[in-house]
Amino acid sequence: MASPRTDGNDTDRDDTPDGDPAPDRERRRPKLSLFLAGLLAVDVGIDLYDDGTVSWFWLAVGAVAWAAAAGPLASSAVGRRVGAWFRSIGIFGRGVVIVGFAAATWWLMGTFDPPTLPIESLVFGGMVGLILQVLWEMHESN
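Residues numbered from 1 in each chain as written. Predicted model: local features only at pLDDT ≥ 70, side-chain atom pairs only at ≥ 80, totals over all residues. Heavy atoms only, no water.

Student: An account of the packing of helix α2 (residues 56–70) against helix α5 (residues 116–141) is needed here, citing residue identities and associated values.
Tutor: Packing of α2 against α5 leaves a shortest axis separation of 6 Å and a crossing angle of 40°. Put simply, α2 runs oblique to α5. You can see that α2 and α5 cross each other, and the crossing is right-handed. Facing α2, whose interface residues are W58, L59, V61, G62, A63, W66, A67 and A70, α5 presents P118, S121, L122, V123, F124, G125, G126, M127, G129, L130, Q133 and E137. Classifying every residue of the contact of α2 with α5 gives 13 nonpolar, six polar and one charged. (Axes fitted to C-alpha atoms, helices over the stretch in contact; angles between N-to-C directions. Helix = DSSP H or I, 4+ residues; strand = E, 2+ residues; numbered from the N terminus. Parallel < 35°, antiparallel > 145°, perpendicular 65-115°, else oblique. Left-handed = near helix turned anticlockwise from the far one by under 90°. Contact = heavy atoms within 4.5 Å. Nonpolar A, V, L, I, M, F, W, Y, C, P; charged D, E, K, R; others polar.)

Student: Requested: an account of a negative patch on the surface, with residues and values cited.
Tutor: Side chains of D43, D47, D50, D51 and E120 sit close together on the surface and give a patch of like negative charge. Per-element tally for the negative patch: the top contributor is helix α1 (residues 23–51), with four residues. Mapped onto the elements of the fold, E120 is located in helix α5. Its relative accessible area of 37% is what places E120 among the partly exposed residues. (Patch = residues over 30% accessible without salt bridge, like charges linked within 9 Å, V, L, I, M, F, W, Y side chains within 5 Å. Areas by Shrake-Rupley, 256 points an atom, 1.4 Å probe, with all protein chains shown as cover. Salt bridge = Lys/Arg side-chain N within 4 Å of Asp/Glu carboxyl O. Lys, Arg positive; Asp, Glu negative; His and termini not counted. Charge placed at Lys NZ, Arg CZ, Asp CG, Glu CD. Buried < 20%, exposed > 50% of the residue type's maximum accessible area, 1.4 Å probe, protein only.)

Student: How would you summarise the packing of helix α3 (residues 77–88) against helix α4 (residues 90–112) if you had to cite specific residues and measurements?
Tutor: At a minimum axis distance of 7 Å, the contact between α3 and α4 shows a crossing angle of 115°. In terms of axis orientation, α3 runs roughly perpendicular to α4. Contacts between α3 and α4 involve W85, F86, R87 and S88 from the former and G90, R94, V97 and I98 from the latter. Classifying every residue of the contact of α3 with α4 gives four nonpolar, two polar and two charged.

So, in structure tokens, the structure goes:
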């Protein structure tokens, strides 16, 4: 068996682990999706700010928590396992999980009637955290 060329002129070699010819495009797709979702959600935050109803503490908590969840926690061993499980359950399973989470949230909000200011500020902070995390990762990848 011939040994691989190591003179640096091997243009046929694919260094990507899965043999994907376009790894950059695939790596950026989730980041772009998160970034666009965050931009759409900022409209809610602008409305909160214009109304003068932002809790800066909960906004900061949301930003830090969501940025950590999208960045370092997602790339941890537990985060990779959860991601692999979520991909393995298929599109129908993912839909069931998402709809189930939305239904549980809707039920909890209706049943316990929590104060909306901290929750809206936390979610807005989360969207800000996602945008910052995606921008940071895009900056680091360049």
